[in-house]
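Commentary on secondary and tertiary structure
Spelled out from the first residue to the last, the chains are:
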Amino acid sequence: MDRLRQQRAPFAEALEAYCAKHMVPFHTPGHKAGNGAPAYEKALFGDALRRDLGLMYALDDLFQPEGPLKEAMELAADLYGAGQTFFSINGTTACIEAMILAVCRRGDEIIIPREAHRSVMGGLVLSGAVPVYMESRFAEKEQISLGPDLASLQQAIAAHPQAKAVLFTYPTYDGIAVKLTEMTAYAHAHGLMVLVDEAHGAHLPFSPDLPASALSCGADCTAQSTHKLTGSLTQTSMLHCRRGFPLTEKVRAAMALVQSTSPHYWFLASLDSARQQLALYGEERIAGAVALARKIRNSLNQIPGIHSFGREILSYDSVAALDETKVTIDFAGLGLDGRQAEQLLRREGIEVELVAAHHVLALITLGDDAESAAALVRACTHIAGGRQARSVSVQPERPLPRPEVVVSPQDAWNGDTECIPLDSARDCIAAETITFYPPGIPVIALGERMTAEVLTYIREKMAAGYTPNGPADGSLRTIRILKR
Ligand SMILES: Cc1ncc(COP(=O)(O)O)c(C=O)c1O
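The model shown is predicted, which means the values in this text are computed figures rather than measured ones. (Residues numbered from 1 in each chain as written. Predicted model: local features only at pLDDT ≥ 70, side-chain atom pairs only at ≥ 80, totals over all residues. Heavy atoms only, no water.)

**Let's talk about the environment of Asn 90**
- Among the secondary structure elements, Asn 90 is positioned in the loop between β1 (84-88) and α5 (91-103).
- Residue Asn 90 is classed as partly exposed on the basis of its relative accessible area of 32%.
- Between the alpha carbons of Asn 90 and Glu 312 there is a distance of 36 Å; along the sequence they are 222 residues apart.
- Residues in contact with Asn 90, not counting those within four places in the same chain, are Gln 235, Val 258 and Gln 259.
- Reaching out from Asn 90, the side chain makes a polar contact with the backbone oxygen of Val 258 at a distance of 3.3 Å. (Helix = DSSP H or I, 4+ residues; strand = E, 2+ residues; numbered from the N terminus. Buried < 20%, exposed > 50% of the residue type's maximum accessible area, 1.4 Å probe, protein only. Contact = heavy atoms within 4.5 Å. Polar contact = N/O pair within 3.5 Å; in protein donor to acceptor, adjacent residues only side chain to side chain.)

**Examining helix α15 (residues 452-463)**
- For α15, spanning 12 residues, the distance from its first C-alpha to its last is 16 Å, which sits close to the expected 16 Å at 1.5 Å a residue.
- Within α15, burial applies to Val 454, Leu 455, Tyr 457, Ile 458 and Lys 461. Angularly, the buried residues of α15 cover 160 degrees about the axis, an arc narrow enough to put them on a single face.
- Trailing α15 by a residue or two, Gly 465 shows a phi angle of about 90 degrees, which is positive. (Expected span 1.5 Å × (residues − 1). Arc of directions from axis to C-beta.)

**Here's the deal with the environment of Val 406**
- Relative to the helices and strands, Val 406 resides in the loop between α13 (370-384) and α14 (409-414).
- C-alpha of Val 406 to C-alpha of Arg 449: the two residues are 43 residues apart in sequence and 6.4 Å apart in space.
- Non-local contacts of Val 406, meaning those with residues more than four positions away in its chain, are made with Ile 429, Gly 447, Glu 448 and Arg 449.

**A word on the packing of aromatic side chains**
- One pass over the structure, following the stated rule, counts four aromatic pairs.
- Plain terms: the ring middles of Phe 11 and Tyr 265 are 5.3 Å apart, the flat faces sit at 70 degrees to each other, and that makes the pair edge-to-face. Pair noted here: Phe 11 is in helix α2 (residues 10-19) and Tyr 265 is in helix α11 (residues 265-300), with a separation of 254 residues, a long-range link. The two residues Phe 11 and Tyr 265 agree in class, both being buried.
- Look at Phe 436 and Tyr 457: their rings are 6.4 Å apart centre to centre, the planes differ by 50 degrees, and that puts the pair in the tilted class. Here the residue Phe 436 occupies a position in strand β16 (residues 434-436), and Tyr 457 occupies one in helix α15, the gap between them amounting to 21 residues.
- A relative accessible area of 1% means that Phe 436 is categorised as buried.
- Owing to a relative accessible area of 1%, Tyr 457 belongs among the buried residues under this scheme.
- In this structure, Arg 114 packs its charged tip against the face of Tyr 133, placed 4.4 Å from the ring centre. (Phe/Tyr/Trp six-rings, centres within 6.5 Å; stacked < 30°, edge-to-face > 60°. Lys NZ or Arg CZ within 6 Å of the ring centre and 35° of its normal.)

**Focus: the nonpolar core**
- Phe 87, Ile 111, Leu 153, Val 166 and Tyr 170 are the most contacted members of the largest nonpolar core, which has 55 residues in total.
- Examining the composition of this core, we find that nine residues originate from one element, α11, more than from any other.
- Inspection of this core shows a minimum of three residues originating in each of domain 1 (3-278) and domain 2 (285-384).
- For Val 166, the residues in contact, after removing those within four places along its chain, are Ile 111, Met 134, Leu 153, Ala 187, Leu 192, Met 193, Val 194 and Leu 195.
- Counting residues in hydrophobic clusters, the runner-up holds 39 residues, among them Ala 98, Leu 101, Cys 221 and Ile 429. (Core = buried A, V, L, I, M, F, W, Y, C linked by side-chain atoms within 4.5 Å. Domains from an automatic or database assignment.)

**Description of helix α8 (residues 180-189)**
- Regarding α8, the residues found buried are Leu 180, Met 183, Thr 184 and Ala 187. Burial along α8 is one-sided: seen end-on, the buried residues are contained in an arc of 100 degrees.
- Where the residues of α8 are buried, they touch α7 (150-159), β6 (165-169), β7 (176-178) and β8 (193-197).
- Looking one or two residues past α8, Gly 191 carries a phi angle of roughly 80 degrees, positive in sign.

**Regarding a nonpolar patch on the surface**
- Residues Tyr 40, Leu 44 and Phe 45 make up a contiguous nonpolar surface patch of about 340 Å² in total accessible area.
- Counting through the fold element by element, Phe 45 comes out in helix α3 (residues 39-45).
- The class of Phe 45 is partly exposed, set by a relative accessible area of 33%. (Patch = residues over 30% accessible without salt bridge, like charges linked within 9 Å, V, L, I, M, F, W, Y side chains within 5 Å. Areas by Shrake-Rupley, 256 points an atom, 1.4 Å probe, with all protein chains shown as cover. Salt bridge = Lys/Arg side-chain N within 4 Å of Asp/Glu carboxyl O.)

**Overview of the domain arrangement of the protein chain**
- Taken domain by domain, the protein chain holds domain 1 (3-278), domain 2 (285-384) and domain 3 (409-482).
- Averaged C-alpha coordinates put domain 2 and domain 3 at centres separated by 32 Å.

**With respect to the pairing of strand β12 (residues 326-330)**
- Of all five residues in β12, five are buried, a share of seventy percent or more.
- Residues Lys 326, Thr 328 and Asp 330 point to one face of β12 and Val 327 and Ile 329 to the other, with burial holding for every one of them.

**Focus on the site of the ligand**
- The local shell around the ligand holds 14 residues, among which Thr 93, Asp 197, His 200, Ser 225 and His 227 are the closest.
- Separating an oxygen atom of the ligand from a side-chain N or O atom of Ser 225 is a distance of 2.8 Å.
- In the environment of the ligand, an oxygen atom lies 2.8 Å from a nitrogen or oxygen atom belonging to the side chain of His 227.
- If you list the elements that add at least two residues to the shell around the ligand, you get α5 and α9 (226-229).
- The biggest single contributor to the shell around the ligand is α5, with four residues.
- Considering only residue class, the shell around the ligand consists of three nonpolar, nine polar and two charged. (Near = heavy atom within 4 Å. Nonpolar A, V, L, I, M, F, W, Y, C, P; charged D, E, K, R; others polar.)

**Details of the sheet that holds β1**
- An order of β1-β10-β9-β8-β6-β2-β3 is seen for the seven strands of this open sheet, with the pairing classed as mixed. The two strands at the open ends of the sheet, each matched to only one other strand, are β1 and β3 (130-134). Put simply, the sheet's adjacent strands are angled 20 degrees from each other on average, direction ignored. (Pairing = 2+ DSSP bridges. Axes fitted to C-alpha atoms, helices over the stretch in contact; angles between N-to-C directions.)

Dropping the structure here:
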């Protein structure tokens, strides 16, 4: 890493230098440095509206960078150990779509985890690629998916030797890191490209206590939400290609396909300054977040009825590492489900990231401090007070039916659809994806056959009171299918 150059934020500096000139604007945006902005925007952003600029001659072009933006992206590549880094103003969603578009043509097979983020399905719809699913392991006690393991990958490759690429989610939302180095080596040995959804991993390189980064595990291309766990503005992400990745130019072209032609300079400057912050203070700040998360977890585990799993999760064979800054707080011992816990926490002034089963997920980042940590522990202590702690029996999760992909997501997307009663949907092809939490892994996805096993699974989950995620009709009395 070039420590001297990393001190600078070339694009943020160029933007500031330009704004200091107070040029009279005869270009977009129409509000002209705030003069024509509505009162709400003026009150909210004030003088910052002068920085609301997009593509313009005086500064650089995101899609043909030659000046400070080029330098900013080179510095990001230098920091993360990438061959090339691309900035995204459309989140990791765009990065994932772009890397799939760069690697897969219509009809190509791509191996993915069953619970991949919906942007992966977006990438399949856009590219016409066909999914091959790796089976995911499920941790019954913690009620979370552990993702696929090497055996799942081996089975998928053996059944689909022509597959072009594999995509991993690493780490998962819950902070679980699969054994990416060994799976990447196996995939490469079988001629597959390795793409990684590292939306939750922009902070990984800055602490040896966190899982290794996807690039250091050998990935070809990895997409990170800089905004999720580090300091940039919401909606900003980075896509990194490893040194020598042969499709880097295609990735560049694909990034232009999936983003606005008027990228907000604010967002780009925000990525540049977040990179600078990580280069200068990342190790200290991320180490602080890990230490704080450990303290929080210890305190939570002192509260009767509340549990937060930690490094014992490594006892599952498929888990390589845990991102301890992801604090899962399980309320089962208080007889509360995740939704109830979330609402009680809100009453205490605490807002969490994710709700599932009997737990909520709290993220600890470089933005936390002793005060926010104390507020979380205090709220949980308050919720537990007055409630009787009880022992928790683990309900085994029903095995998911094996998916049967009939048409590609792109063909399913382009097909005519109709809504029919669930009871008459047997053997029809689904036009929507349905997931129950737990296990947080879809039971049926776009383009798949509604087998008898799928229908039984859905009926049993509904009868047990679970709410489906994904279908237009949440009662699931009807389901959207491809017209027969
Ligand atoms: C695993 C995963 N991948 C991708 C995304 C999309 O990221 P973004 O919100 O930056 O577009 C998310 C967002 O929640 C995610 O959780």
